[in-house]
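Architecture at a glance
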Amino acid sequence: MDQYTTPKNESRADVYQQAHAAVLNNPYWYGDGPQLLDETFNAENTRKRADILIDILRRAAKRRTKRELSQQYSSLADKFSTCRFDHCGSSGCLECLRAFQQAKTVAHRRVISKIATMYPQSLQCFVTIIPLELNYPCATLHEFVAHEFNLHLKDTLTQDGLIRPFLGSIDFSFERSRLDKYWAPHWHLPLPTNDPELLRERLKDLFPPINKYDYPVDVREAVDLDFLPYIHKVIKINDLLRTGRNHLPELLLTLDQINPLELMVTQGLVLSAQEDGFQFELAD
């Protein structure tokens, strides 16, 4: 990558905007060139699913009695339908979401090797953390704020002394209980550790179960870096099309308000824009 020079007086928002634009302007991230995803999630199949989401939004717009919400769904469908001619950059657009997934994965691969050199005796673990108290019943997901959600994770880990650099991502799942249907945002991230079992127990203390059969923390030893694209997918689109199709418009509206880069959670890392994307460096 060619280095993009970031003036010292530029804000974080400026750098994120430049990195966002760099991904949108690079057709490489929208194709299959990076070879990070299997055939199920190639560019052609992603376009087909994007068309399905556009149809879901248009149908939802016709069903809604509230004029404002109907217009929002219709406008979002229009936005997504023109994306392949002029990339929209929305986190709700499957084609842009996939482009950023690939760009994030490449940037993550580069920085994770640097982190690994800081902890040469540690194992790399793939960690999932579900803050059970931070879920959103259907029709309330618009209250979700990515920055505050990520700050909760960083503050919790820092207060417990887990201050190693990391890069992870928010993921959204659609869940059902006996009483309700709700959205459950959670995090996926790799963490280096000398003792995976101890890490698991510490995280379970920080993010405890609410009910007997809850499993809010999962820690698995990683044998390679093939899990990185999964970390940055944001949504399990095939599952959502099967189990939460009628609720997808709500999720898409919420994601559309979030910069794809803001769905990442970082600690001890600094993002810099590049001519064809972005990269991360360890903070001083």
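Residues numbered from 1 in each chain as written. Predicted model: local features only at pLDDT ≥ 70, side-chain atom pairs only at ≥ 80, totals over all residues. Heavy atoms only, no water.

When we look at a pair of aromatic rings, we describe it by the centre distance and by the angle of the planes. Scanning the entire structure with this criterion turns up 10 aromatic pairs. Relative to phenylalanine 144, the ring of tyrosine 136 lies with its centre 5.8 Å away and its plane at 80 degrees, an arrangement referred to as edge-to-face. Of the residues examined, tyrosine 136 reaches a relative accessible area of 14% and is grouped as buried. By relative accessible area, phenylalanine 144 is classed as buried at 6%. Through a chain of ring-to-ring contacts, three or more aromatic side chains come together here, namely Tyr136, Phe144, Phe149, Phe172, Trp187 and Phe207. Over the face of the ring belonging to tyrosine 230 we find lysine 233, whose NZ or CZ atom lies 3.4 Å from the ring centre. (Phe/Tyr/Trp six-rings, centres within 6.5 Å; stacked < 30°, edge-to-face > 60°. Buried < 20%, exposed > 50% of the residue type's maximum accessible area, 1.4 Å probe, protein only. Lys NZ or Arg CZ within 6 Å of the ring centre and 35° of its normal.)

Turning our attention to the confidence of the model for the protein. Confidence along the protein averages 93 in pLDDT terms, with 97% of residues attaining 70 or more. Element-level pLDDT for the protein is lowest in helix 5 (residues 146-159), with a mean of 94, against a maximum mean of 98 in helix 9 (residues 248-256). (pLDDT = per-residue confidence, 0-100. Helix = DSSP H or I, 4+ residues; strand = E, 2+ residues; numbered from the N terminus.)

Moving on, we come to the packing of helix 2 (residues 43-63) against helix 9. Helices that pack against each other are described as a pair by the angle of their axes relative to one another and the distance between those axes. Running from N to C, helix 2 and helix 9 cross one another at 105 degrees; their axes reach a closest spacing of 10 Å. What the angle tells us is that helix 2 and helix 9 run roughly perpendicular. Two secondary-structure elements touch here, helix 2 through Leu53, Ile56, Leu57 and Ala60 and helix 9 through Leu248, Pro249 and Leu252. Looking at the contact of helix 2 with helix 9, its residues break down into 7 nonpolar, no polar and no charged. (Axes fitted to C-alpha atoms, helices over the stretch in contact; angles between N-to-C directions. Parallel < 35°, antiparallel > 145°, perpendicular 65-115°, else oblique. Contact = heavy atoms within 4.5 Å. Nonpolar A, V, L, I, M, F, W, Y, C, P; charged D, E, K, R; others polar.)

A few words now on the pairing of strand 8 (residues 277-282). Relative to strand 8, strand 7 (residues 269-274) runs antiparallel, the two being bridged by 6 bridges. Across the sheet, valine 270 pairs through a bridge with glutamate 281, a residue of strand 8. The hairpin turn running from strand 7 into strand 8, its antiparallel successor, is 2 residues long. (Pairing = 2+ DSSP bridges.)

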